[in-house]
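The chain contents come next:
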Amino acid sequence: MKPTVVSADVLFEDHRATLKWEWVAGLGASERRFDEVAVRAARSGADLVGYLNYIHPYRVQILGEREVAYLTNATQEDCARRIARIVTLEPPVLVLTDGQQAPDALLSMCERAQIPMFATHEPSAFVIDVLRAYLSKHFAERTSMHGVFMDILGLGVLITGESGLGKSELGLELITRSSGLVADDAVDLYRVNQTTIEGRCPELLQNLLEVRGIGLLDIRAIFGETAVRRKMMLLRLIVHLVRRETMEREYERLPYEPLTQDVLGVPVRKAVIPVVAGRNMAVLVEAAVRNTILQLRGVDTYQEFVERHRRAMEKGG
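Residues numbered from 1 in each chain as written. Predicted model: local features only at pLDDT ≥ 70, side-chain atom pairs only at ≥ 80, totals over all residues. Heavy atoms only, no water.

- An unreviewed UniProt entry annotates the chain as HPr kinase/phosphorylase originating from Ramlibacter montanisoli.
- Under the UniProt heading Cofactor (unreviewed entry), the entry covering the chain gives this text: "Mg(2+)".
- Its UniProt record gives the chain the following Subunit (unreviewed entry) comment, quoted word for word: "Homohexamer." (UniProt positions renumbered as here; feature names shortened; annotations may be inferred.)

## Some remarks on the domain arrangement of the chain
- Domain boundaries in the chain define domain 1 (8-139) and domain 2 (141-306).
- Each of domain 1 and domain 2 has a C-alpha centre, and these two points are 42 Å apart.
- Facing 6 residues of domain 1, the contacting portion of domain 2 comprises 7 residues.
- Summed over both partners, the interface of domain 1 with domain 2 buries about 420 Å², with 40% contributed by carbon and sulfur atoms.
- Inspection of the domain 1/domain 2 interface yields 0 salt bridges.
- Counting across the domain 1 and domain 2 interface gives 0 residue pairs in polar contact (both at pLDDT 80 or more).
- Of the residues contributing to the side of domain 1 that touches domain 2, the split by class is 1 nonpolar, 3 polar and 2 charged. (Domains from an automatic or database assignment. Contact = heavy atoms within 4.5 Å. Buried area = accessible area lost by both parts, 1.4 Å probe. Salt bridge = Lys/Arg side-chain N within 4 Å of Asp/Glu carboxyl O. Polar contact = N/O pair within 3.5 Å; in protein donor to acceptor, adjacent residues only side chain to side chain. Nonpolar A, V, L, I, M, F, W, Y, C, P; charged D, E, K, R; others polar.)

## Notes on the pairing of strand β14 (residues 259-263)
- As defined by bridge partners, β14 adjoins strand β15 (residues 266-275) across 5 bridges and the pair is classed as antiparallel. In the sheet register, Leu259 faces β15, and the bridge partner there is Lys270.
- Between β14 and β15, which pair antiparallel and follow one another directly, the connecting turn spans 2 residues, one of which, Leu264, has a positive phi of 55°. (Pairing = 2+ DSSP bridges. Helix = DSSP H or I, 4+ residues; strand = E, 2+ residues; numbered from the N terminus.)

## Structural notes on the pattern of salt bridges
- With the rule as written, the count across this model stands at 11 salt bridges.
- A salt bridge links Glu307 to Arg311; the shortest N-O distance between them is 3.7 Å. Placement of both Glu307 and Arg311 in helix α12 (residues 301-316) is noted, with a separation of 4 residues, approximately one turn of the helix.
- Its relative accessible area of 29% is what places Glu307 among the partly exposed residues.
- Judged by its relative accessible area of 45%, Arg311 falls in the partly exposed class.
- Taken together, the shared-partner salt bridges connect Glu307, Arg310, Arg311 and Glu314 into one network. (Buried < 20%, exposed > 50% of the residue type's maximum accessible area, 1.4 Å probe, protein only.)

Laid out in structure tokens, this is it:
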């Protein structure tokens with residue numbers, strides 16, 4: 001599900017320092033929000049920001065030098081009609097950029113229609129980039145998954161599995177091998193575009209790892225700043241731990257196609273590793289990560305083996 005919509009005052013305060021803008025009209029509409037229908041229909045939050053366009057309603061309308069010229073460089077009747085049409089777009093916010101001055105008619109229209117208008121000296125392209133990135137994350141579809149999310153060799157890896165198989169202990173060993181902890185137990189996942197899932201740690205669990213028999217460990221305090229990751233990471237691989245009998249019953253030893261798991265509609269590569277006494281699980285996970293990195297670069301070891309086998313059969317025949 002997408003989160004609740006953001007109001008004009010929240011948008012303004014969250015970017016007061018970055019965009020150095022002022023609230024120049026529609027001060028009484030601080031609770032004005034994005035239209036919920038538009039939010040649900042948008043492919044991402046980026047669709048909710050753009051230059052003034054009369055066929056795209058319900059989004060933040062950016063008014064740069066060209067847009068202001070369009071609203072002012074015409075007959076008085078045409079200018080009034082162009083400004084009045086903005087009301088039909090039902091924008092949550094208007095943003096004047098490039099240091100433009102708002103025409104008096106536009107200010108009056110915003111006051112009458114209770115449409116917040118911000119003004120900044122920052123260029124239009126920069127404002128659009130900042131707001132699109134913010135809204136993409138704010139309105140991203142999200143879910144939570146149980147597991148240990150880590151930065152392993154620069155790849156975002158979620159370790160999942162059956163209860164009692166030692167996911168947190170494995171995470172701890174990987175930390176001692178220079179991997180970084182993002183989140184333990186609960187991982188917040190966001191689909192920021194059609195092909196990308198990002199994950200981060202809930203604030204309550206920041207830096208913490210629970211190990212059975214020891215309790216909660218503050219990984220940052222024990223291992224230092226480099227042992228944790230503060231920011232979101234892209235989820236590129238799910239390592240799923242299973243018991244040997246589960247592996248034999250439910251999975252092929254050599255799957256013909258790479259395994260994937262659907263997360264918020266995005267297929268994420270998956271490696272299934274059976275947990276057996278005596279196996280070095282940290283080494284196996286790192287090997288799975290290295291193999292995934294090769295696959296992302298277009299190197300498929302299994303398919304290369306199949307091709308090698310085919311050539312050998314042809315040569316033998």
